[in-house]
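What follows is the residue order along each chain.
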Amino acid sequence: MKVAITSTGNTLDSKVDQRFGRCAWFVIYDTETGGIEFLPNPNRDAEEGAGPASVQLVASREVQKIISGEFGVKIKSLLDSLKIQMVMYKEPEKTIQSVIDMLKN
Amino acid sequence: MFLHLEEYEVIRLCDFEHMNHHEASKAMDISRPTLTRIYGKARAKIADALVTGKQIIIEGGKVYFDSDWYRCRNCNSYFNQPDKGSAVISCPLCRSKEIENCDAMNEDMAESHRQCSDICVCPECGYERPHEAAHPCKDQVCPVCNARLMRKNNLLAKDL
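In this text the structure is predicted, and so the values were computed from the model without any measurement.

*Asks:* Outline the pattern of salt bridges, listing residues and values.
*Replies:* All names here are of chain B. With the rule as written, the count across this model stands at 10 salt bridges over all chains. Its salt-bridge partner being K45, residue E7 comes within 3.0 Å of it at the nearest N-O pair. Taken together, the positions of E7 in helix α1 (residues 5-16) and K45 in helix α3 (residues 32-52) put the pair 38 residues apart, joining distant regions of the chain. Note on E7: relative accessible area 3%, which makes it buried. One salt-bridge network, in which partners are shared between bridges, spans R71, R73, E98 and E100.

Structure (structure tokens):
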């Protein structure tokens, strides 16, 4: 299963970005193969509609779970209909590595 | 005559619970103009049914229930369950079984976690305030000059 994590940077030491639509990077982690992919978010400076555009990007990677700090109003209904699980992890100091370690267990 | 669920809900909030449009729009997490538009539609449908003797069926519409949220006591994350059919057993993050349904505490959760580091700015007069998550900037108006607000970094990018 693929999991998307919002990240402030493109290393495993980066922190979990507390925003979804305007996060800096997406980390796509494959729980089966252990593969990790960093995707820059093209919507981070979007004037509006950053959320739905980011959903489209993430959904195209066939992600089934998204870990972020918060999800906006436009996103919740969209992800609900796409059957993608939302996990709100409000720990801005945690690194991507620590989240991946949690998912491995 | 199909009365959509959101139309039923505005009638319930405005005419049964006696909320004003502003309170009702907050309760439904939509803008005040949107609420008034739905309310107008709902009343037109009910009036039509009443006058022409049609049956009212409450069904359909564009609704999303902000419920079915759970909290993990171990890692303090909130998550939902998109697959309504299966039961929630463990946390999707840390696999802990220490989870609780947090519908009851939805209100204070919504209030206490809405702040983030972004800033809304008024493109006209430069008024700034912290962005509230889940409240799109362009739906907010500047208290000084009534222009629509936007994200601060966007404005800078545009100026350059």
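Resuming the write-up.
*Asks:* Tell me about the pairing of strand β1 (residues 2-7) of chain A, and name the residues and values.
*Replies:* All names here are of chain A. Judged by how many residues are buried, β1 sits mostly within the fold: five of six residues are covered. Relative to strand β4 (residues 63-68), β1 is paired through four bridges, and the arrangement is parallel. Following the sheet pairing, K2 is matched in β4 by V63.

*Asks:* Now, about the environment of T31(A): what can you tell me, with residues and values included?
*Replies:* Residue and element names in this part refer to chain A. Within the secondary structure, T31 is located in the loop between β2 (25-30) and β3 (36-40). Sequence separation of T31 and K104 is 73 residues, and the distance between their C-alpha atoms is 7.2 Å. Setting aside residues up to four positions removed in sequence, T31 forms contacts with M1 and V3. Polar side-chain contacts of T31 include one of 2.8 Å to the backbone oxygen of M1.

Reading the values: the criteria
- Residues numbered from 1 in each chain as written.
- Chains lettered and ligands numbered in written order.
- Predicted model: local features only at pLDDT ≥ 70, side-chain atom pairs only at ≥ 80, totals over all residues.
- Heavy atoms only, no water.
- Salt bridge = Lys/Arg side-chain N within 4 Å of Asp/Glu carboxyl O.
- Helix = DSSP H or I, 4+ residues; strand = E, 2+ residues; numbered from the N terminus.
- Buried < 20%, exposed > 50% of the residue type's maximum accessible area, 1.4 Å probe, protein only.
- Pairing = 2+ DSSP bridges.
- Contact = heavy atoms within 4.5 Å.
- Polar contact = N/O pair within 3.5 Å; in protein donor to acceptor, adjacent residues only side chain to side chain.

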